[in-house]
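The chain contents come next:
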Amino acid sequence: MLILGIESSCDETAAAVVRDGREILSSVISSQIDLHRPWGGVVPELASREHLAKIEPVVLEALESAEVTRRDVDAIAVTQGPGLIGSLLVGVCYAKALAWALDIPIVGINHIEGHVYSVCFENPDVEYPALALIVSGGHTNIFHIPAEGKYKIVSRTRDDAAGEAFDKVAKMLGLGYPGGPVIEQLALEGDVNKIKFPRAKISDGRPDLSFSGLKTAVARYVKEQGIEPLQNGDIPGQEIKDLAASFQKAVVSALVDTLEKLAVELHPRTLIVAGGVACNIALRQAAESAAKRLKVPVYFPSKHLSTDNAAMIAAAGYFHLENGEIADETMTADITLRLQNLDVEHLKGKAKYRL
Ligand code: KG4
Ligand code: ZN
């Protein structure tokens, strides 16, 4: 089955052609990073306009580099949510129109589930139960996946996502956007033990995460030490490198310690670490060490598949289409989509139990 995946939930317009959910024939990503950089973050209105300009050329390029035509496509999988409403609508409307014109099935995919499927291309098959840490600019969750397609959130951030914390700290230090890659680069030359940042404690004892306290601790440190944010062209000094390394260590250990603690409890057969922050080598190394201690394999997507892409959406789409799920014409973008379809006592009445 040839699936055309389409992704436009945030600031990447992406299309991919994937065979049988596992073989990438093409994957095209048009990133808007340069467009949003002057603003220090994604500007939703600019993002949707750019998606509108790019969606058609990106899809055509994906078809061309896969050496297929529209008529060869068997089905379309499109990101339905969560994300920015204007951005999502561009992909969803385009995908629905194309599916209607070609008279082929379409399925709406949860973006986060897409990240879970990003590991399925370059790794052995995932064995269940699995435990997946999905860390990006918009999301930080750990999912227990007892069987394919069944999700239960066992840990989540109470405030900022991990990638968001990287971006905000980078902004504070004048390091530009997005923050993750710059902080990672500076951290290579910094001392991880220079500053002891506090670990957030969740008062109700749940294994949840919180990064806003860490962000405040960094802001306080910057003020106390009189660290000036960099101006264009400034070379970062040792104190900024040490700060980057210590901050990154605090984020990585909060994520991996929580993942390991939950793995001890839930006995997964596979660990998955995916999402934009999974590009981070320190996070990968820490997760690999934890996996070794747990004697379970850990799978990461390659860098191209860690940040937003459409191949992962097509892979998730393959699973749903194989299960006979086909969207009708009422399917539309939904920013409130949650990835949780198993009952959880403590969330009763608060969460939506649907994909
Ligand atoms: O998955 P993604 O492309 O978009 C969302 O769905 O949010 O993730 C983007 C996020 C940004 O916050 C960025 O700073 C972070 O991933 N990121 C990193 C690294 N590369 C990207 N964070 C830490 N280290 C990196 N190397
Ligand atoms: Zn994402």
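Note that this is a predicted model, so its numbers are computed, not measured. (Residues numbered from 1 in each chain as written. Chains lettered and ligands numbered in written order. Predicted model: local features only at pLDDT ≥ 70, side-chain atom pairs only at ≥ 80, totals over all residues. Heavy atoms only, no water.)

Some thoughts on the coordination of the zinc ion (ligand 2)
Part 1 of the argument: Distances from the zinc ion (ligand 2) to its protein donors, H111 (NE2), H115 (NE2) and D308 (OD), fall within 2.0 to 2.1 Å.
Part 2 of the argument: Bound by 4 donor atoms, the zinc ion (ligand 2) shows angles of 94 to 146 degrees at the metal and therefore irregular coordination geometry.
Part 3 of the argument: Read in sequence order, the donor residues for the zinc ion (ligand 2) give the motif H-x3-H-x192-D. Highlighted residues: H111 in helix α4 (residues 111–117) and D308 in the loop between α10 (303–306) and α11 (311–322), separated in sequence by 197 residues.
Part 4 of the argument: By relative accessible area, D308 is classed as buried at 12%. (Donors = N, O, S within 2.8 Å, 3.2 Å for Na, K, Ca; no water. Tetrahedral: all angles 85-135°; square planar, octahedral: opposite > 155°, others 65-115°. Helix = DSSP H or I, 4+ residues; strand = E, 2+ residues; numbered from the N terminus. Buried < 20%, exposed > 50% of the residue type's maximum accessible area, 1.4 Å probe, protein only.)

A word on helix α8 (residues 238–266)
Part 1 of the argument: With 29 residues, α8 extends 41 Å from end C-alpha to end C-alpha; this agrees with the ideal 42 Å at 1.5 Å per step.
Part 2 of the argument: Once α8 finishes, H267 follows within two positions and takes phi at roughly 50 degrees, a positive value. (Expected span 1.5 Å × (residues − 1).)

A closer look at the site of ligand 1
Part 1 of the argument: If you check the shell around ligand 1, you find 19 residues, and the closest are G137, D167, E184, G276 and N280.
Part 2 of the argument: One of the side-chain N or O atoms of H111 is found 3.5 Å from an oxygen atom in ligand 1.
Part 3 of the argument: The backbone of G180 places a nitrogen or oxygen atom 3.1 Å from an oxygen atom of ligand 1.
Part 4 of the argument: Top contributing element to the shell around ligand 1 by residue count: helix α6 (residues 179–187), with 4 residues.
Part 5 of the argument: The class makeup of the residues in the shell around ligand 1 is 5 nonpolar, 11 polar and 3 charged. (Near = heavy atom within 4 Å. Polar contact = N/O pair within 3.5 Å; in protein donor to acceptor, adjacent residues only side chain to side chain. Nonpolar A, V, L, I, M, F, W, Y, C, P; charged D, E, K, R; others polar.)

Examining the packing of aromatic side chains
Part 1 of the argument: One pass over the full model with this rule turns up 4 aromatic pairs.
Part 2 of the argument: Judged by centre distance (6.1 Å) and plane angle (80 degrees), the ring pair of F143 and Y151 falls under edge-to-face.
Part 3 of the argument: For Y151, a relative accessible area of 1% corresponds to the buried category.
Part 4 of the argument: Consider the rings of F166 and F247, whose centres lie 5.2 Å apart with planes at 75 degrees: the pair is edge-to-face. One end of the pair, F166, is in helix α5 (residues 162–172); the other, F247, is in helix α8, and 81 residues separate them in sequence. (Phe/Tyr/Trp six-rings, centres within 6.5 Å; stacked < 30°, edge-to-face > 60°.)

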